[in-house]
Amino acid sequence: MRLITPSIAKSMLIVMAVMIQTGLHAATFRISPATHNLAEVINNANAGDTIFLEPGEYRANLLVDKPLTLQGLSGAIIDGGGHGDVLRIRSSDVTVRNLRLRNSGSNLTDMNAVVFVEDTAYRTTIEDNRIESSAFGIWLQNTEAAMISNNDIQGDPSIRSQ
């Protein structure tokens, strides 16, 4: 019988940690606004999961505090109802793709944005989205290695600084 030495055990733990961090255990979900609460799905998701949003309107102000991908199918809308941020990203390695995001709050002092990326979030990807009716479209708060590409941002010209 062969014993596991401390160095082998340490190597096994490192390999398992890398597997978890790289998403080898990640799941893919496909949700509908008629049957799922998007905030609950995000809260219950594991790091590395991908959430596909089927067409329809998801009324929510969301916090993403773990590495996730939010991928919209054609016609998927997240509506913030005119207050706060529509999507606040606190975690690194978050991707937001192919969504229509709209109706953040209009308080410029509070920096209301459709997508607000906090300074704790690195390597955020925001691409191929349509962003509408917002105080700020995308706000990057001292973050690093963000990729923002191919987004159509339509502001609200009635929102003015005081």
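Let me sum up the structure you'll find in this document.

The rules behind these values
Within every chain, residues take consecutive numbers counted from 1 along the sequence as written. Only residues with pLDDT of 70 or above have their local features reported here, since the model is predicted, and side-chain atom pairs are shown and tallied only from 80 upward, although totals for entire chains, interfaces and linings are computed over all residues. Note: side-chain values were computed over all heavy atoms of the structure, leaving out hydrogens and water. Think of a nonpolar core as a cluster: buried Ala, Val, Leu, Ile, Met, Phe, Trp, Tyr and Cys residues, connected wherever their side-chain atoms sit within 4.5 Å. Each residue is placed in one exposure class: buried if its accessible area under a 1.4 Å probe, protein chains only, is under 20% of its type's maximum, exposed if it is over 50%, and partly exposed if it falls in between. What counts as a helix is a DSSP run of H or I of at least four residues, what counts as a strand is a run of E of at least two, and both are numbered from the N terminus. Note on contacts: a residue pair qualifies if any of its non-hydrogen atoms lie within 4.5 Å across the two residues. By salt bridge we mean one thing: a side-chain nitrogen of Lys or Arg within 4 Å of a carboxyl oxygen of Asp or Glu. Here a strand pair is declared whenever DSSP counts at least two bridges between the two strands. For helices, the fitted line uses only the C-alpha atoms of the stretch in contact; every axis is such a line through C-alpha atoms, and the angle between N-to-C directions lies from 0 to 180 degrees.

Considering the nonpolar core
- Judged by nonpolar contacts, the single largest core of 28 residues is most densely connected at Leu 38, Ile 51, Leu 53, Ile 78, Leu 101 and Val 115.
- Looking at this core, the elements that each hand over two or more residues are helix H2 (38-44), strand E2 (50-53), strand E4 (62-64), strand E6 (76-79), strand E7 (87-89) and strand E10 (113-117).
- Leave out the neighbours within four places in its chain, and Leu 53 touches Ile 31, Leu 38, Tyr 58, Leu 70, Gln 71, Gly 72, Leu 73, Ala 76, Ile 78 and Leu 99.

Description of unusual backbone geometry
- With phi around 60°, Asn 98 is a residue other than glycine that occupies positive phi space.
- Here Asn 98 is to be found in the loop between strand E8 (95-97) and strand E9 (100-102).
- Residue Asn 98 is classed as partly exposed on the basis of its relative accessible area of 34%.
- Of note, the phi angle at Ala 145 is positive, near 60°, even though the residue is not glycine.

Quick notes on the pattern of salt bridges
- Within this structure, the stated rule accounts for 13 salt bridges.
- The salt bridge involving Asp 93 is made with Arg 123; its shortest N-O contact spans 2.7 Å. Highlighted residues: Asp 93 in the loop between E7 and E8 and Arg 123 in the loop between E10 and strand E11 (125-127), separated in sequence by 30 residues.
- Among the charged side chains, a salt-bridge network with shared partners connects Glu 57, Arg 59, Asp 79 and Arg 102.

Re the sheet that holds E9
- With respect to topology, five strands assemble into an open sheet ordered E3-E6-E9-E12-E15, the strand pairing being parallel. The open sheet terminates on both sides in strands that have one partner only, identified here as strand E3 (56-59) and strand E15 (152-154). Each strand axis lies, on average, 15° off the axis of its neighbour in the sheet, ignoring direction.
- Two strands pair when backbone bridges link them, and strand E12 (residues 130-132) and E15 are joined in this way by three bridges, in the parallel orientation. Looking at the pairing, Glu 132 lines up with Gln 154 of E15.

Quick look at the sheet that holds strand E14 (residues 147-149)
- Here six strands make up an open sheet; going across it, the order is E1-E2-E5-E8-E11-E14 and the pairing parallel. The sheet is open, and its two borders are formed by strand E1 (28-31) and E14, each paired with just one other strand. This sheet shows a mean twist of 10° between the axes of neighbouring strands, independent of strand direction.
- As paired strands, E2 and strand E5 (residues 69-72) are joined by four bridges and run parallel to one another. Of the residues in E5, the one forming a bridge with Ile 51 is Leu 70.

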